[in-house]
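One letter stands for each residue in the lines below.
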Amino acid sequence: MDLKEKLVSSFMAFEEQIDVHSELHDVRTSAIKNFENKGFPTKKEEAWKYTSLNAILKNDFTVFPKHENSIEFAEVKKYFLHEIDTYKVIFVDGKFSSFLSSTTHDGLDVCLMSSALTKPKYKIVIDEYFNKIASKDETLTTLNTAFACEGAYINIPKSKVVEKPIEIIYFSTGIENALMVQPRNLVIVGENAHVQIIERHQSLNENPVLTNSVTEIFAQKRAIVDYYKIQNDLQSANLIDNTYISQKQESRVSVHTFSFGGNITRNNLNFYHFGERIDSTLKGITIIGDKQHVDHYTLVNHATPNCESHQNYKTILADSSTGVFNGKIFVEKEAQKTDAFQQNNNILLGDKATINAKPQLEIFADDVKCSHGCTIGQLDESAMFYMQQRGIPKREAKALLMYAFTNEVIESIKIPELKQRITKIIAMKLGVNLGFDL
């Protein structure tokens with residue numbers, strides 16, 4: 001039995017063992033039928049042309065954990081942003097860990113998705129938000145809709161400025177031989193509210209794990225959302241990250257994606273505009289080696305006038321690694337005065353590294369300012385020579401050039417402690433001490 005057949009056959013048993021709001025039964029049933037008809041995406045689909053899931057789908061994944069697993073704080077404290085106080089929503093093998101978490105209902109909701117699905121207080125979530133912008137035709141999103149039973153639920157009320165960042169971390173213990181988890185996060189940010197969120201998926205041993213995650217973010221009028229994804233997992237881990245963002249008038253949402261680890265990582269990042277004077281920012285740094293594979297697939301749907309979007313992705317590929325950037329800017333006829341920018345820069349450190357880049361613009365309005373650019377090359381030998389002539393060893397000179405290449409994205413991180421953490425990870429990836437205050 002292949003993984004698709006296993007998932008479909010397990011669906012009834014899954015619904016029987018979880019306690020969810022009855023109104024979701026029809027949504028889940030429709031979703032599993034959609035997945036059964038379409039199956040996992042293949043390279044025959046244009047959006048998946050450069051990424052194959054065949055190798056990882058051969059694993060005999062456990063669809064949901066058989067045991068309640070726990071971990072000690074000492075085992076995982078290095079993965080937290082411990083330099084500052086944060087709210088924490090922590091999951092172990094897909095299940096909530098009250099021991100590691102620090103949630104709140106004091107003036108804002110930082111809690112569990114199951115709360116939004118089962119308690120009458122949160123019925124509005126089901127009626128107005130759940131699965132409203134996540135495409136019903138995207139097969140992996142529908143698979144998540146069918147099987148998701150837990151994740152983070154964050155609801156920031158009107159005019160609330162959240163004083164400390166929120167960390168969402170999913171740990172995989174590896175106690176199951178191979179585990180597939182499907183977390184679902186829902187983030188609702190009210191008018192004039194402001195929140196900073198950090199998301200991470202982390203394996204704790206080398207057993208295979210496949211995470212199929214869906215995050216839906218709703219930014220109301222003039223809301224500000226800063227979302228950071230840290231992807232620095234073991235090479236036995238595979239991540240398919242689906243993020244859907246709905247923005248209303250004058251809202252500002254930025255998503256930074258830092259891809260350093262894992263086996264196969266696919267990021268589907270989709271922005272939708274529902275109002276004027278919206279600002280969307282998509283930035284990322286990818287540094288990988290060995291046979292790692294990272295695929296960024298982005299969409300910004302400009303549907304309303306006077307909005308802006310800014311994309312800037314930096315990629316450094318070593319050894320036999322593969323990078324993919326497929327970015328689409330879609331400007332509808334009504335979206336006059338759109339200002340959209342997209343840039344993708346790539347450095348290949350060896351002859352076996354591969355980059356597949358496909359920047360796209362589809363413009364149906366006639367009064368817009370849109371541009372995109374893509375570069376692929378190697379480190380500047382003349383700059384290397386210049387630095388060596390001034391006493392900087394070759395290895396350090398190479399690292400400094402690569403750090404400078406990524407710095408434009410690093411400088412836009414708004415949490416100082418997170419900026420230090422990302423800088424430290426980059427230094428480790430480059431294999432040198434860059435001499436910064438980490």
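- In the nomenclature of an unreviewed UniProt entry, the protein corresponds to Fe-S cluster assembly protein SufD from the organism Flavobacterium solisilvae.
- If you open the UniProt record of the protein and go to Sequence similarities (unreviewed entry), you find "Belongs to the iron-sulfur cluster assembly SufBD family."

### Quick notes on the overall build of the protein
Then comes step 1: Within the protein, the regular secondary structure consists of ten helices and 20 strands.
Then comes step 2: A compact globule built from 438 residues would reach a C-alpha radius of gyration of about 22 Å, and the protein, at 21 Å, matches this within 12%.
Then comes step 3: Expressed as lengths along the three principal axes of its C-alpha atoms, the size of the protein is roughly 70 × 55 × 45 Å.
Then comes step 4: Taken across its 438 residues, the protein has 58% of its residues classed as buried.
Then comes step 5: Look at the contacts in the protein between residues 6 or more apart in sequence, and 83% of them connect residues 24 or more apart.
Then comes step 6: Of the charged side chains in the protein, 49 are positive and 55 negative, and the gap between their average positions amounts to 2 Å.

### Digging into the environment of Ala318
Then comes step 1: Note on placement: Ala318 falls in the loop between β16 (308-317) and β17 (322-331).
Then comes step 2: Placed 36 residues apart in sequence, Ala318 and Thr354 show a C-alpha to C-alpha distance of 8.9 Å.
Then comes step 3: In contact with Ala318, other than residues within four places in its own chain, are Ile288, Gly289, Asp290, Leu349 and Ala353.

### Looking at the side chain of Gln292
Then comes step 1: You can see Gln292 is positioned in the loop between β14 (279-288) and β15 (293-302).
Then comes step 2: Looking at Gln292, its side chain comes within polar contact range of the main-chain oxygen of Gly262, at 3.0 Å.
Then comes step 3: In terms of polar contacts, Gln292 uses its side chain to reach the backbone amide nitrogen of Gly289, at 2.9 Å.
Then comes step 4: Not counting residues within four places of it along the chain, the set of residues in contact with Gln292 comprises Gln235, Phe260, Gly261, Gly262, Asn263, Ser321, Thr322 and Lys429.

### Some details on the pairing of strand β11 (residues 237-248)
Then comes step 1: For β11, a buried count of eleven out of twelve residues is recorded, marking the element as mostly surrounded by other parts of the structure.
Then comes step 2: Across eleven bridges, the pairing between β11 and strand β13 (residues 264-274) is parallel. Among the inter-strand pairings, Leu239 is bridged to a residue of β13, identified as Thr265.

### Comments concerning the packing of helix α2 (residues 24-38) against helix α7 (residues 139-147)
Then comes step 1: At a closest axis distance of 8 Å, the pairing of α2 and α7 adopts a crossing angle of 140°. When the interaxial angle is binned, α2 and α7 end up oblique. For the pair α2 and α7, the crossing hand works out as left-handed. Between α2, through Val27, Arg28, Ala31, Ile32, Asn34, Phe35 and Lys38, and α7, the contact on the second element is made entirely by Thr139, Thr142, Leu143, Thr145, Ala146 and Phe147.
Then comes step 2: Its residues assigned to classes, the contact of α2 with α7 comprises seven nonpolar, four polar and two charged.

### Some thoughts on the sheet that holds strand β2 (residues 95-96)
Then comes step 1: Across the sheet, ten strands lie side by side as β2-β1-β5-β8-β10-β12-β14-β16-β18-β20; this open sheet has mixed pairing. Looking at the sheet topology across the chains shown, the edges are occupied by β2 and β20 (369-377).
Then comes step 2: In the packing of helix α9 (residues 394-410) onto the sheet, the strands contacted are β12 (252-259), β14, β16 and β18 (339-348), and the crossing angle to β16 comes to about 155°.

The rules behind the values
- Residues numbered from 1 in each chain as written.
- Predicted model: local features only at pLDDT ≥ 70, side-chain atom pairs only at ≥ 80, totals over all residues.
- Heavy atoms only, no water.
- UniProt positions renumbered as here; feature names shortened; annotations may be inferred.
- Helix = DSSP H or I, 4+ residues; strand = E, 2+ residues; numbered from the N terminus.
- Rg over C-alpha atoms; globule rule 2.2 N^0.38 Å.
- Buried < 20%, exposed > 50% of the residue type's maximum accessible area, 1.4 Å probe, protein only.
- Contact = heavy atoms within 4.5 Å.
- Lys, Arg positive; Asp, Glu negative; His and termini not counted.
- Charge placed at Lys NZ, Arg CZ, Asp CG, Glu CD.
- Polar contact = N/O pair within 3.5 Å; in protein donor to acceptor, adjacent residues only side chain to side chain.
- Pairing = 2+ DSSP bridges.
- Axes fitted to C-alpha atoms, helices over the stretch in contact; angles between N-to-C directions.
- Parallel < 35°, antiparallel > 145°, perpendicular 65-115°, else oblique.
- Left-handed = near helix turned anticlockwise from the far one by under 90°.
- Nonpolar A, V, L, I, M, F, W, Y, C, P; charged D, E, K, R; others polar.

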